[in-house]
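What the coordinates show
Take a look at the letters that make up each chain.
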Amino acid sequence: MKLLSVWHGRFVGFRNKRRARQFQGAAENLVYYPEDSVFTYRTIWMGNDVFINRRAYFSGRIHIGNHVLFGPDVFITSGDHCFTEIGKYIQKQGRVVPREVNICDDVWVGAKTCILAGVTIGEGTVVGAGSVVTKDLPPYSICVGNPCRKIKDRYPPGALAGHLILLGKESDDAVPDIGI
């Protein structure tokens, strides 16, 4: 029985590596569950060392950095619908131009989180389970809620510099400024 389990694991790993090539970007060490998830592969740029848990739905122009974790049932979309034309059903108004979703390096997105069009999640941010992300989130913060908002910094004052040094980054300047 153990031998069967080993062979099954190797087969699944090989199959996932082949499927991972459909994403844009390197996608090295990607772990995900394509059987019970939905991805628009050709419009998603995937970084290295990414884990996407079960039942994910990623649709549209999405850029995912390195060392990112997603809990189960995460929903991400870069699309939206027009809805302001008078005298026209929403269904007939069409779609707006997609706005890319950017998820920077070292982000953890909790289970059942919804991330909407045009959002950037800053480097090192933790997004709590069940959050609805409608606006950009600052780097190295902990954010929760509907709508999702920052509740505190990820590290106490002064500890972020040590964290960045241990990761091989020079200073706080290594954290991208996303204008938040």
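Located above this text is the structure these notes cover.
Our subject in this report is the structure included herewith.

Thresholds, definitions, all that
Residues numbered from 1 in each chain as written. Predicted model: local features only at pLDDT ≥ 70, side-chain atom pairs only at ≥ 80, totals over all residues. Heavy atoms only, no water. Helix = DSSP H or I, 4+ residues; strand = E, 2+ residues; numbered from the N terminus. Contact = heavy atoms within 4.5 Å. Pairing = 2+ DSSP bridges. Buried < 20%, exposed > 50% of the residue type's maximum accessible area, 1.4 Å probe, protein only.

So, the environment of alanine 26
With respect to the element layout, alanine 26 can be found in the loop between helix H1 (2-20) and strand S1 (38-39). Counting along the chain gives 19 residues from alanine 26 to tryptophan 45, while the straight-line C-alpha distance between them is 8.4 Å. Setting aside residues up to four positions removed in sequence, alanine 26 forms contacts with Met46 and Asn48.

Description of the sheet that holds strand S5 (residues 62-64)
Read across the sheet, 4 strands follow the order S2-S5-S8-S11 without closing on themselves; strand pairing throughout is parallel. Looking at strand neighbours, the two that pair on one side only are strand S2 (44-46) and strand S11 (120-121), the edges of this open sheet. Two elements, strand S8 (residues 101-103) and S11, share 2 bridges in a ladder whose sense is parallel. The partner of asparagine 102 across the bridge, within S11, is threonine 120.

Some words on the side chain of serine 141
In this fold, serine 141 is placed in strand S14 (residues 141-144). Look past the residues within four positions of serine 141 in its chain and what remains in contact with it is Gly124, Thr125, Val126, Lys150, Lys152, Asp153 and Arg154.

Re the sheet that holds strand S10 (residues 114-115)
Strand order in this open sheet of 5 strands is S1-S4-S7-S10-S13, and the pairing throughout is parallel. In this open sheet, the two strands that pair with only one neighbour each are S1 and strand S13 (132-133). Pairing analysis gives 2 bridges linking S10 to S13, with the strands arranged parallel. Note that in S13 the partner of isoleucine 115 across the bridge is valine 133.

Brief notes about unusual backbone geometry
A cis geometry characterises the amide bond from asparagine 146 onward to proline 147, with omega recorded as 0°. Here proline 147 is to be found in the loop between S14 and strand S15 (149-153). Phi is positive for aspartate 49, close to 55°, though the residue is something other than glycine. The class of aspartate 49 is partly exposed, set by a relative accessible area of 32%.

What about the pairing of S14?
Burial of S14 is one-sided: the residues Ser141 and Cys143 facing one way are buried, the residues Ile142 and Val144 facing the other way are not. In this sheet, S14 lies alongside strand S12 (residues 126-127) in parallel orientation, the contact comprising 2 bridges. The residue of S14 that forms the bridge with valine 126 is isoleucine 142. One ladder, built from 4 bridges, connects S14 with S15; its direction is antiparallel. Among the inter-strand pairings, cysteine 143 is bridged to a residue of S15, identified as lysine 150. Taken together, S14 and the strand that follows it, S15, pair antiparallel across an intervening segment of 4 residues, in which glycine 145 is found at a positive phi of about 105°.

Read these as layout, nothing more, since geometry by itself doesn't imply function.
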